[in-house]
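# Coordinate analysis (summary)
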Amino acid sequence: MNIILLGPQFSGKGTLARQMVRDFGFVQISLGDLFRENIQKGTELGKLAQGYMNQGILVPNEVSMKILEERIKEDDCQKTGVILDGVPRTIEQAEILSKFMNIDAVILLTLPREEIMRRCEGRRTCSKCGEIYNTSFYDKDTCKECGAPLFRRDDDNPESIKTRLEVYDKMTTPLINFYADRLFEVDSSKTSADTYEPVKNFLKEHLK
Ligand SMILES: [Zn+2]
């Protein structure tokens, strides 16, 4: 079963994906990771991608989707299936994707704008190990893991989050329409356990 995961910043997409990987054995795939792997291994596609990146050019779809296609063929992806995170971003990518892989469901995490801003306000990052906290759940100013001071990242400010949300909306709306027949919408405004519950039930039912 292959799944696309959609959701705005602070919707807990990463946490949800980890739970799905842990309980069901999905393979989580993001293009960023695939680029890094291919570049590291020095594959032909990796070299091609690197060439575009070095020139500051967006890696064209023929290359990025080919990298994805090659990855999907590997054994681990043939068991439970994959979770695509951050891909496809456009209808063009979705159309290329449909030629080599079946998308069974698109999980869309929804979160009211006010809640996104509230989570953004409270986010703190450890200056040493990078662990992420939220002041709603953790009220100390040093890291639980390593004791280093927590700080607020520059890009966790209301202005930049607004811009990122606009980009997200522009990107997601056409995809929601494209995948309307297999959309599974989940409210992610409560805890990560509350978000996971309906997803877990959905997967149990469909992975039989
Ligand atoms: Zn730390």
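Residues numbered from 1 in each chain as written. Predicted model: local features only at pLDDT ≥ 70, side-chain atom pairs only at ≥ 80, totals over all residues. Heavy atoms only, no water.

Let us look at the sheet that holds strand E2 (residues 27–29). Read from one edge of the open sheet, 5 strands run E2-E3-E1-E4-E8, paired in parallel fashion. Only two strands of the sheet have a single partner each, and these edge strands are E2 and strand E8 (183–187). Neighbouring strand axes in the sheet, compared pairwise and without regard to direction, differ in orientation by 25° on average. As paired strands, strand E1 (residues 3–6) and strand E4 (residues 105–110) are joined by 4 bridges and run parallel to one another. Counted as the bridge partner of Leu5 is Ile107 from E4. Against the sheet, helix H1 (residues 13–24) touches E1, E2, strand E3 (82–85) and E4, its axis set at about 155° to E1. (Pairing = 2+ DSSP bridges. Helix = DSSP H or I, 4+ residues; strand = E, 2+ residues; numbered from the N terminus. Axes fitted to C-alpha atoms, helices over the stretch in contact; angles between N-to-C directions. Contact = heavy atoms within 4.5 Å.)

By size, the foremost hydrophobic cluster in this structure holds 28 residues, and its most contacted members are Ile29, Leu68, Leu84 and Leu97. When near neighbours in sequence (up to four residues on either side) are disregarded, Leu68 contacts Ile29, Leu34, Leu84, Val87, Leu97 and Phe100. Ile3, Met20, Ile83 and Phe202 belong to the second largest nonpolar core, which has 17 residues in total. (Core = buried A, V, L, I, M, F, W, Y, C linked by side-chain atoms within 4.5 Å. Buried < 20%, exposed > 50% of the residue type's maximum accessible area, 1.4 Å probe, protein only.)

Around a metal, the ideal angle is 109.5 degrees if four donors adopt a tetrahedral arrangement and 90 or 180 degrees if six donors adopt an octahedral arrangement. Within the first shell, the zinc ion binds the protein through Cys126 (SG), Cys129 (SG), Cys143 (SG) and Cys146 (SG), at distances of 2.3 to 2.4 Å. Coordination at the zinc ion is tetrahedral, judged from the 4 donor atoms that bind it and the angles of 100 to 118° they form at the metal. In primary-sequence terms, the residues that donate to the zinc ion follow C-x2-C-x13-C-x2-C. Placement of the pair is Cys129 in the loop between strand E5 (123–126) and strand E6 (132–134) and Cys146 in the loop between E6 and strand E7 (150–151), with a sequence separation of 17 residues. Assessed through its relative accessible area of 43%, Cys129 is described here as partly exposed. (Donors = N, O, S within 2.8 Å, 3.2 Å for Na, K, Ca; no water. Tetrahedral: all angles 85-135°; square planar, octahedral: opposite > 155°, others 65-115°.)

What follows deals with the side chain of Asp85. Its place among the elements puts Asp85 in strand E3. Side-chain polar atoms of Asp85 contact the side chain of Lys13, separated by 3.2 Å. (Polar contact = N/O pair within 3.5 Å; in protein donor to acceptor, adjacent residues only side chain to side chain.)

So, about the packing of helix H6 (residues 113–122) against helix H7 (residues 158–178). One way to put it is that H6 packs onto H7 with a least axis distance of 11 Å and a crossing angle of 135°. Our classification of the angle between H6 and H7 gives oblique. Read as a crossing pair, H6 and H7 show a hand that is right-handed. Only Pro158, Ile161, Leu165 and Asp169 of H7 make contact with H6, whose side of the interface consists of Arg113, Ile116, Met117, Cys120 and Glu121. (Parallel < 35°, antiparallel > 145°, perpendicular 65-115°, else oblique. Left-handed = near helix turned anticlockwise from the far one by under 90°.)

Here we take up the environment of Cys129. Between the C-alpha atom of Cys129 and that of Leu150, which follows or precedes it by 21 residues, the distance is 9.9 Å. Setting aside its immediate chain neighbours within four residues, Cys129 contacts Cys143, Glu145 and Cys146.

Moving on: the packing of aromatic side chains. Inspection of the entire model under this criterion finds 4 aromatic pairs. Geometrically, the ring pair formed by Tyr133 and Tyr138 is stacked, given 4.4 Å between the ring centres and 25° between the ring planes. Note on accessibility: Tyr133 and Tyr138 belong to one class, buried. Judged by centre distance (4.9 Å) and plane angle (85°), the rings of Phe178 and Tyr179 are edge-to-face. Classification of Phe178 as partly exposed rests on a relative accessible area of 29%. (Phe/Tyr/Trp six-rings, centres within 6.5 Å; stacked < 30°, edge-to-face > 60°.)

Across the sheet, 3 strands lie side by side as E6-E5-E7; this open sheet has antiparallel pairing. Of all the strands in the sheet, just E6 and E7 have a single pairing partner and so form its edges. Relative to E7, E5 runs antiparallel, the two sharing 2 bridges. Bridging across to E7, Thr125 finds its partner in Phe151. Relative to the sheet, H6 contacts E5 and E6, its axis offset from that of E5 by approximately 35°.

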